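Listed below, chain by chain, are the residues.
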Amino acid sequence: MFDLEHIPPRFHSFHSVVLSVSFCIRPSFSASCEDHLWPAMELNSTTIHDAIHPTAAFAQNRSALELALPTGNDTGQASWLESQLNPKNRVDSLDPLPNPLWRIDGCTAIGTQYYALPLHVGEVPPMRLDVFLPMETTRDPVLRDVLDLDAAFHTKDSTRLNRLGVTRHILRALQKWSLEGEGTAEQIAALYKDQPFGTRIILELGFSLESVKITVATTWHVEKQLIRPKALVATLGLPEEVIPETIDISNLSIVQQLHDSVCLVRIHHHDEPEDGQKLWIFKALTSNTKYLVCELRNLLLMEPYPHVVSKPKYLVTKYCRFGGKTAVVGFIIPFYAAGSLRDTIPLLHIHGLLKPEMQIMWARQLASAVLHVRERGGIYYPDLRLDNVVLTAGGDLVMVDFEQRGVWCEFAAPEVNAIAYVHTLAVDEGAEEEGLEQEHGDDSRLLYNQFIPGEERPNRWAEFLSRILPGWQVLEQDEMYTPLPHGYKSYNIPWLALDEAEQEAAEAYMLGRVLWCIFEGQCAPQHAAVWQSYKREPDYEFPEYRHTPLPIRDLIDGCTKGRRETLSKLVTRVGSKMVLRRKDGLVDVNCTPLEVLDAARDWWRVEVEVAERFLTMREELKGRGEWKGNWYGRLRLREVVQRLEEYEREVGVKEVDREVLAELLKRCK
């Protein structure tokens, strides 16, 4: 782990952070304000910067604190202007509509983009006409409370989302728009036919439906990024024989938007009518289409394997008026109706149906798939979690999602996190403008210096990152796919900075945590990131063991050497609020926003310091040729596969009854 016992003493004093220096600007509070109970810290985009990301180490926390402070008077009571008893603060109705003309299938993190589908138009292609809520219309504290906007910040799935006030308010506004405004069936059908892919429906929130304003914003930026099929072949250097057949997006009809980049469709194709008899997955992105191109290349070059998603069946094209081109907007892959392991495993576990033979089968299949991707696919896989593992109808496991974006830092290996922290600070102006400067003393400690203008200070984080990964700035200059420098083939900066041995060790780390989930019956090794909640949150967190057999525990521990405690051990989300976790594991729901910010800031200062020391040590040892990629001595992927096979033979695990498993998976759905 990144503690001093693993780092040579000569690096201990490098840029030590002065933890005693306080960067939080504490406002003066009246006695009456201090005496009444503060509300818990709410979730918002500023919370991410000032508490959840490493930028918290250097943030002054004023903006998040202002958003979290009480909005009423000094007595803690809401004023008449803010009271829900005030007629102007009342929403017309939040009851479900008896005959809705629209449906909401989900939303993205932070609750400002909703996947809306019209029900009064008939079949429509998957054009992604999502509803967007402008941030400035979501900040009213009373409106946030009435419409459950804090819950929408972390709720993504359709079932839970449609219980929230904001979803019902959006549906009522769209209903009124369709019946009385510009959202008639004919007009909406024309939008799906004529508008660019990713055009937005902008909905400005208000308490009454009369105050809600809806406009259609024609959006060209996605189609501008798209590449013609022939240019795609040349850009990626692929042989033409690996390129799938193309199909126009008008030949697809959307059934359901499952996630931000994935929807369920039917294919209306005169050449292969059997395609229309089953459901398919259509994958497309509404931003940063370079990741879609990366995934397409990875899948087309991947050697087939039973537990890795197959090559795309079709490339989906669309005529783009911008540039007058027919370009690739996405691709078609099989739909796995049994769903993901993330939802299946905890459900089976809760009902006592998660059997040892299922666990060892899935563990072995997953380990072999990760090994195949590395050895035969020749790529790294940075997003290994149960969300990206789906099941066939017969119960076999399949890895999906090969964009190579990576996971939230609490799910990644510590060495990946260390580079990710530096990257986050390198691109965040606040890390320099609010943060730290080097003192000229002998100890090279980092001190806050508010008198040096930000534009006159070099961004030492960016300089540090440039030594680790030359030309990294080019990877972030555009959302579209462009030729990359230095032979880079993806855009994941932390993983590109690792050598092959380090990448495999980081994959083993993630694999170990997923194996923990499989054998402990949990949906994730810890609670989700603050901007996402699960249908079934973990009952306890990694590395606590309750059900895993001892030999598998040793294997998991061998995969996860060097692990560090995460911020979620100190600061966590309860419902829609950020609270402190006590040493006994219980949460303190009465903690103040300031206490949360202080705790997060202090934790991040230590974490950033340790990460910087580690990377400095790594840089020097690499320069001397003394660096070993698998620094912590984790198990190799092939060793993991072998040990799982040995365990299966030694214990004599019986064969999985496929008929029983298939029936269980149907019941889980």
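The protein chain carries the name Protein kinase domain-containing protein in an unreviewed UniProt entry, which gives Podospora pseudocomata as its organism.

1. Considerations on the overall build of the protein chain
When you go through the protein chain residue by residue, the secondary structure sums to 22 helices and 19 strands. Buried residues in the protein chain amount to 56% of all 669 residues. Sequence-distant contacts, at least 24 apart, represent 70% of the contacts inside the protein chain between residues at least 6 apart. Surface summary for the protein chain: the accessible area is close to 28,800 Å², and the carbon and sulfur share equals 50%.

2. Re unusual backbone geometry
In this structure, Pro543 follows Phe542 across a cis peptide bond, with omega equal to 10°. Non-glycine residue Asn288 carries a positive phi angle of around 50°. Note on placement: Asn288 falls in the loop between strand 10 (280-283) and helix 11 (290-301). With phi around 65°, Gln404 is a residue other than glycine that occupies positive phi space. Mapped onto the secondary structure, Gln404 falls in the loop between strand 14 (397-399) and helix 14 (414-426). Take Gln404: its relative accessible area is 5%, and that puts it in the buried class.

3. Things to note about the sheet that holds strand 11 (residues 314-320)
Across the sheet, six strands lie side by side as 7-11-12-10-9-8; this open sheet has mixed pairing. Looking at which strands have only one partner, the edges of the open sheet turn out to be strand 7 (245-248) and strand 8 (252-257). Strand-to-strand twist across the sheet, computed as the mean angle between neighbouring axes with direction ignored, equals 40°. Where strand 10 lies against strand 12 (residues 325-334), four bridges are found, and the strand directions are antiparallel. The partner of Trp280 across the bridge, within strand 12, is Pro334. Here helix 10 (residues 229-236) sits on the sheet in contact with strand 7, strand 11 and strand 12, set at roughly 75° to strand 12. Contacting strand 10, strand 11 and strand 12, helix 11 runs over the sheet at an angle of about 55° to strand 12.

4. Quick word on the pattern of salt bridges
By the definition in use, this model includes 42 salt bridges. Where Lys654 meets Glu357, a salt bridge forms, and the shortest distance between an N and an O atom there is 3.9 Å. Of this pair, Lys654 sits in the loop between helix 21 (637-651) and helix 22 (658-668) while Glu357 sits in helix 13 (residues 356-375), and the two are 297 residues apart along the sequence. Under the relative-accessibility criterion, Lys654 is labelled exposed at 57%. Classification of Glu357 as buried rests on a relative accessible area of 12%. One salt bridge connects Asp387 with Arg385, and the closest N-O pair in it is separated by 3.4 Å. The class of Asp387 is buried, set by a relative accessible area of 18%.

5. Concerning helix 10
Note that an α-helix has 3.6 residues per turn; residues three or four places apart therefore point the same way. By the burial criterion, the buried members of helix 10 are Leu232, Val233 and Leu236. Down the axis of helix 10, the buried side of the element spans an arc of 100°, and every buried residue falls inside it. Looking at helix 10, the residues exposed on the side facing more than 90 degrees away from the buried face are Lys230 and Ala234. Tucked inside the fold, the buried residues of helix 10 contact helix 11, strand 11 and strand 12. Directly beyond the C-terminal end of helix 10, a positive phi value near 65° is found at Gly237.

6. Remarks on the nonpolar core
Judged by nonpolar contacts, the single largest core of 148 residues is most densely connected at Ile52, Trp362, Leu366, Phe402, Ile518, Trp604 and Val640. Counting residues per element, this core draws most heavily on helix 20 (residues 593-623), which supplies 12 residues. Other than its neighbours up to four places away in sequence, Phe402 contacts Cys294, Glu295, Asn298, Leu299, Met302, Val308, Val309, Val373, Ile379 and Tyr381. Counting 57 residues, the second largest nonpolar core, distinct from the first, contains Cys107, Leu174, Val222 and Ile332.

7. Overview of the side chain of Asp130
With respect to the helices and strands, Asp130 occurs in the loop between strand 3 (113-118) and strand 4 (131-132). In terms of polar contacts, Asp130 uses its side chain to reach the side chain of Gln113, at 2.8 Å. Polar side-chain contacts of Asp130 include one of 2.6 Å to the side chain of Arg128. Beyond its immediate stretch of four places on either side in the chain, Asp130 contacts Gln113, Tyr114, Tyr115, Ala116, Thr199, Arg200 and Ile201.

8. Comments concerning the pairing of strand 5 (residues 200-204)
Bridge analysis of strand 4 against strand 5 gives two bridges, and the strand direction is parallel. Within strand 5, the residue paired with Phe132 across the bridge is Ile202.

9. Things to note about the sheet that holds strand 5
A sheet is described by the order of its strands in space; here five strands give the open sequence 2-3-4-5-6, paired in mixed fashion. At either end of the open sheet lies a strand with only one pairing partner, and these are strand 2 (102-107) and strand 6 (213-217). With two bridges connecting them, strand 3 and strand 4 associate as antiparallel partners. Considered in strand 4, the bridge of Gln113 is made with Phe132. Contacts from helix 7 (residues 165-180) reach strand 2, strand 3, strand 4, strand 5 and strand 6, with the element oriented near 145° to strand 2. On the sheet, helix 8 (residues 185-194) packs against strand 2, strand 3 and strand 6 and is oriented at approximately 115° with respect to strand 3.

10. Overview of helix 7
Over its 16 residues, helix 7 runs 22 Å from end to end, which matches the ideal 22 Å to within 8%, given 1.5 Å per residue. In terms of residue burial, helix 7 counts as a mostly covered element, since 12 of its 16 residues are buried. Buried within helix 7 are the following residues: Gly165, Val166, Thr167, His169, Ile170, Leu171, Arg172, Ala173, Leu174, Gln175, Trp177 and Ser178.

11. Topic: the confidence of the model for the protein chain
Averaged over every residue, the pLDDT of the protein chain is 85; residues scoring 70 or more account for 84%. Confidence drops under pLDDT 50 across residues 67-76; counting only partners more than four residues distant or on other chains, this segment forms 20 contacts. When the criterion is pLDDT under 50, residues 431-457 qualifies, and its contacts beyond four places in sequence or with other chains add up to 58 contacts.

12. Details of the state of the cysteines
On inspection of all chains with the given rule, the structure shows zero disulfides. Free cysteine: Cys517, not disulfide-bonded; nearest cysteine sulfur from Cys523 at 7.3 Å.

Calculation notes
Starting from 1, residues in each chain are numbered consecutively following that chain's sequence as written. It should be noted that, the model being predicted, local features are given only for residues of pLDDT at least 70 and side-chain atom pairs only at 80 or more, the latter also being counted only at that level, while totals for whole chains, interfaces and linings use all residues. Working from all heavy atoms in the structure, the side-chain values ignore hydrogens and water. In this text, helices come from DSSP runs of H or I with a minimum length of four residues, and strands from runs of E with a minimum of two, each type numbered from the N-terminal end. Buried residues are those whose accessible area, probed at 1.4 Å on protein chains only, stays under 20% of the maximum for their type, while exposed residues exceed 50% and partly exposed ones sit between those limits. It only takes one pair of heavy atoms within 4.5 Å for two residues to be counted as in contact. Surface exposure here means Shrake-Rupley accessible area, sampled with a 1.4 Å probe, where a residue is shielded only by the protein chains that are shown. One requirement defines pairing of two strands: DSSP has to find at least two bridges between them. Lines fitted to C-alpha atoms define the axes here, with helix axes fitted over just the stretch in contact, and angles between the N-to-C directions of these axes take values from 0 to 180 degrees. By definition here, a salt bridge exists when the distance from a side-chain nitrogen of Lys or Arg to a carboxyl oxygen of Asp or Glu is within 4 Å. Taking the helix axis as origin, the arc is that swept by the directions to the C-beta atoms. To form a nonpolar core, buried Ala, Val, Leu, Ile, Met, Phe, Trp, Tyr and Cys residues must be joined to one another through side-chain atoms within 4.5 Å. Whenever two N or O atoms come within 3.5 Å, that pair is a polar contact, provided that in protein one can donate a hydrogen and the other can accept it, and provided that, for residues adjacent in sequence, both atoms are side-chain atoms. How far a helix is expected to stretch is found by multiplying one less than its residue total by 1.5 Å. pLDDT runs from 0 to 100 and stands for how confident the predictor is about each residue. Pairs of cysteine sulfur atoms within 2.5 Å are identified as disulfides in what follows.

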